[in-house]
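# Architecture and fold: a report
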Amino acid sequence: MQKLTVLFFFVFFFSKGFAQDSLQSHHIQEVIVIGTTKVSAKEAKPLSSIDEYLQKSAKIDMIKRGAYAWEPLINNMPTERTLVTIDGMRIFGACTDKMDPVTSYIEVSNLSEAVISSGQQGSSHGSTIGGAIDLKRPQPFFGPEKWNFNISSGFESVNQQKIFGAGTTFKNESFYTDVNFMSRDAENYMARNHTEIPFSQFKKINLSGISGFKFGGNKILEGSLIYDKATDVGYPALPMDVSLAEALITSLKFQVLPQNSSIHSWETKVYYNSVTHRMDDTKRPAVPIHMDMPGWSTTAGYYSQLKMGFADHHFLANLSGYYNKSTAEMTMYPTDISEPLMFMYTWPKVQTFYQGLYLEDHFLLNENSELKFSASVGFHRNNVESDFGLSSLQIFYPEMTSDKNRILKNFAANFRFAKNIWEFGLGAGYGDRAPSVSEGYGFYLFNSFEKYDYIGNPDLKNESSLEANAFMGIKKENVASKISLSYFHISNYIVGEILPGLAPMTIGASGVKKYGALDFADILNISWTSDVKLFPFLKWNTQLVYSRGRDFEKNNLPFMSPFSYSSSLRYIQNKFSAEISAKGNAGHRDFAANYGETETPAYTLANGSIGYIFNFSGAKILAKAGIENIFDKYYTTYSDWNKIPRPGRNFFLNLNINF
Ligand SMILES: [Cu+2]
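Bear in mind the structure is a predicted one, so any value in this text is a computation, not a measurement.

What follows covers the coordination of the copper ion. Taken together, the protein ligands of the copper ion are C95 (SG), M99 (SD), H277 (NE2) and M279 (SD), with distances of 2.1 to 2.7 Å. In this structure, the copper ion is surrounded by four donor atoms whose angles at the metal cover 89 to 124°, and the resulting shape is tetrahedral. All donors of the copper ion come from a single chain, and their spacing in sequence reads C-x3-M-x177-H-x1-M. Separated by 180 residues along the polypeptide, M99 in the loop between β4 (82-86) and β5 (113-118) and M279 in strand β15 (residues 263-280) bring together distant segments of the chain. Here M279 falls in the buried class, since its relative accessible area comes to 6%.

See below:
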């Protein structure tokens, strides 16, 4: 059936024929605008979390372990198979239980937009299987001298969340700066009928600054800093909470923008970031054994990116490298204090060194068609620094040495054709990835969804993906509609395999799994989006998504979205805006029983919001008020860890003042 669908697309596209029309160089990536400096009346809830912004994309879904720090899935693939960067910088979470995805260490005030790429089209900053999200900081802005101030404040009733933000920007012809602060403070949220979900609270503060300086007419030096600190974060779906999740993210960028040259831009960045993560079980009732589980992740790296143009060719070369050290510890405190403490490294000071080169050529074939080729090669090296951690892993792998080298490759080709109102594209790609630190070197990591302790496997082969994608769309004055398809054939698909006869470390766990690989797995994603301007003041958006993932034995893969839909009507006239929307999932029947999944019922939610812009004495105030889950439905989705119920009816108010 999947092969038939692909065939259908090919036939459909090539029957359309080629002809002449003017063509602009287009990017296939999807861009989501985020930020607090220029808040748009189009946003139903401008002070949403980054996670809420990202999940609007048809390519992105979120694994939720509570109200905070959701894990983004791209094309239904989790962290290990995707690439999330902050302005091209690599950064890695410090939690062995995925409580701190990269996206949890930033705030909407830090960003201007998120660029989402599917599959190998996201490989310019590193290797990926499912795709990439690049979270863009504010772009350089020079101009006539101007100060701007913004204050934002929000409240959400479902968890008593209080949001506060303040920021300032300054620019002149040779200097700019953007400094801002944001905080969120939330209590436990309520599911339907005011049912409190314990351990779902969180607190977070975020500070960021970016400053750029122009000299010599075409050179920019820019420094950027983000400090983010979350405390008292509850994870209702997990057996533990977090007392501290802290990140310092810094970079220095040098950019040259030559004029009248075939070199359009040369950008070099050096960066450093450090993450600290402390789990906390002291507030949980009846903990069988108290554990301390801190984690640290430090990354230093660079990239140097050159953009050139010759005739109809646009070349891009990106040389990049990073060094990361990931450490996680576990100390168990037996209830009988005469027994000794037990200590182990769950990540044994794993060092990763990566050095890669990416090349791309994007060129026009004729007025209607363009081609993009990209290729990369990278050297990847892991080293276990801790001798104690290494000898622990050698219990399972006696032949194991402290280091392991890999070569990572990527190749992709994309064709795009546009004529009159029609547009279509076809692409193919190949890419591979190294196992993550947990997959390669994790030691007794408890998966609370499957109830197994996991052991890493340093002998894993690279996981590789062969990919095909296609899209077709129409764009008219009042209608834009697009259907996209991507298909991944993933070899050496990394999963956990039961190790029989081994006792788990975690009390209550069913057993021990070791990371291994399936021969292959296939993942198909189809999405349809449409934007219709019914009247100049009324827009209707619809999005339908279908995914399917199966392994080589036709068993279902975990975290594959059932059919999902969303539709919204947005009214904007003068200073007034209003929106109503509905979204939902069909029942999750193709669940992966092998990985602990069970059926999840269908749900539909209704949301509504209204907004108004007030102007007085030079200040612009955008006020938005709305209701989410209007009918207070009880629901949980296929991507809610351990089926924790989602929030019930939520009233929110967002205020943004700009002057
Ligand atoms: Cu954690």
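A two-sided burial pattern is seen for strand β3 (residues 71-74), the buried positions comprising E71 and L73 on one face and P72 and I74 on the other. Pairing of strand β2 (residues 60-63) with β3, which is carried by four bridges, proceeds in the antiparallel orientation. Along β3, the bridge assignment pairs I63 with E71.

Another aspect to go through is unusual backbone geometry. One non-glycine residue, H194, lies in positive phi territory at about 55°. Inspection of the secondary structure assignment puts H194 in the loop between β10 (190-191) and β11 (195-196). On the basis of relative accessibility, which here comes to 70%, the residue H194 falls in the exposed class. Backbone geometry places D632, a non-glycine residue, at a positive phi of 50°. Looking at the element boundaries, D632 is found in the loop between β32 (619-628) and β33 (650-658). For D632, a relative accessible area of 11% gives the class buried.

Structurally, D640 is set in the loop between β32 and β33. The class of D640 is buried, set by a relative accessible area of 1%. Setting aside residues no more than four positions away along its own chain, D640 makes contact with K64, F449 and R646.

Attention now goes to the confidence of the model for the protein. On average, residues of the protein score 92 in pLDDT, and 96% of them are at 70 or above. For residues 1-25, every residue scores under 50 in pLDDT, and the model assigns this stretch 48 contacts once sequence neighbours within four places are set aside.

Scanning the entire structure with this criterion turns up 28 salt bridges. K45 serves as the salt-bridge partner of E156, at 3.0 Å between the closest nitrogen and oxygen. A residue pair is termed long-range when its members are at least 10 positions apart, and E156 in strand β7 (residues 146-156) and K45 in the loop between β1 (30-33) and α2 (50-54) qualify at 111 residues. Of the charged contacts in the structure, one is a salt bridge between R589 and E599, with a shortest N-O distance of 3.3 Å. Placement of the pair is R589 in the loop between β30 (576-585) and β31 (603-616) and E599 in the loop between β30 and β31, with a sequence separation of ten residues. The exposed category is assigned to R589, whose relative accessible area is 57%. Each of the salt bridges in this network shares a partner with another, and the network as a whole consists of K45, E52, E156 and E628.

Across twelve bridges, the pairing between strand β9 (residues 175-186) and strand β12 (residues 202-215) is antiparallel. Within β12, the position partnered with F181 by the bridge is L207. The pairing of β12 with strand β13 (residues 219-233) spans 13 bridges and is classified as antiparallel. When the bridges of β13 are listed, F213 appears paired with L221.

In the structure shown here, the tally under the stated rule is six cavities of 30 Å³ or more. The computed volume of the second largest cavity comes to approximately 60 Å³. For the second largest cavity, the lining is made up of 13 residues, of which G126, S127, S376, K409 and N410 are closest to its centre. Elements that contribute at least two residues to the lining of the second largest cavity include exactly β20 (369-384), β21 (403-419) and β22 (422-433). Among the residues forming the lining of the second largest cavity, the class breakdown is two nonpolar, nine polar and two charged.

As a further point, take the sheet that holds β4. Read across the sheet, four strands follow the order β1-β5-β6-β4 without closing on themselves; strand pairing throughout is mixed. Bordering the open sheet on either side are β1 and β4, each of which pairs with just one other strand. Neighbouring strand axes in the sheet, compared pairwise and without regard to direction, differ in orientation by 15° on average. Bridge count for β5 against strand β6 (residues 131-136) is six bridges, and the pairing is antiparallel. The residue bridging A114 from the neighbouring strand is L135, located in β6.

This brings us to the packing of aromatic side chains. Within the structure shown, the criterion is met by 33 aromatic pairs. Look at Y454 and Y515: their rings are 4.7 Å apart centre to centre, the planes differ by 45°, and that puts the pair in the tilted class. In this pair, Y454 is assigned in strand β24 (residues 452-455) and Y515 in strand β27 (residues 511-535), connecting sequence segments 61 residues apart. In this structure, Y454 and Y515 share a single accessibility class: buried. Ring pairs connect the aromatic residues W147, F149, F170, F175 and F659, which therefore count as one cluster. Here the guanidinium or amino end of R65 rests over the ring plane of W641, the centre of that ring lying 4.3 Å away.

The rules behind these values
Residues numbered from 1 in each chain as written. Predicted model: local features only at pLDDT ≥ 70, side-chain atom pairs only at ≥ 80, totals over all residues. Heavy atoms only, no water. Donors = N, O, S within 2.8 Å, 3.2 Å for Na, K, Ca; no water. Tetrahedral: all angles 85-135°; square planar, octahedral: opposite > 155°, others 65-115°. Helix = DSSP H or I, 4+ residues; strand = E, 2+ residues; numbered from the N terminus. Buried < 20%, exposed > 50% of the residue type's maximum accessible area, 1.4 Å probe, protein only. Pairing = 2+ DSSP bridges. Contact = heavy atoms within 4.5 Å. pLDDT = per-residue confidence, 0-100. Salt bridge = Lys/Arg side-chain N within 4 Å of Asp/Glu carboxyl O. 1 Å grid on protein atoms, 1.4 Å probe; cavity = no way out; pocket = protein on both sides within 12 Å on 5 of 7 lines; lining within 4 Å. Points joined across faces, edges and corners; volume = space filled by probe spheres on them. Nonpolar A, V, L, I, M, F, W, Y, C, P; charged D, E, K, R; others polar. Axes fitted to C-alpha atoms, helices over the stretch in contact; angles between N-to-C directions. Phe/Tyr/Trp six-rings, centres within 6.5 Å; stacked < 30°, edge-to-face > 60°. Lys NZ or Arg CZ within 6 Å of the ring centre and 35° of its normal.

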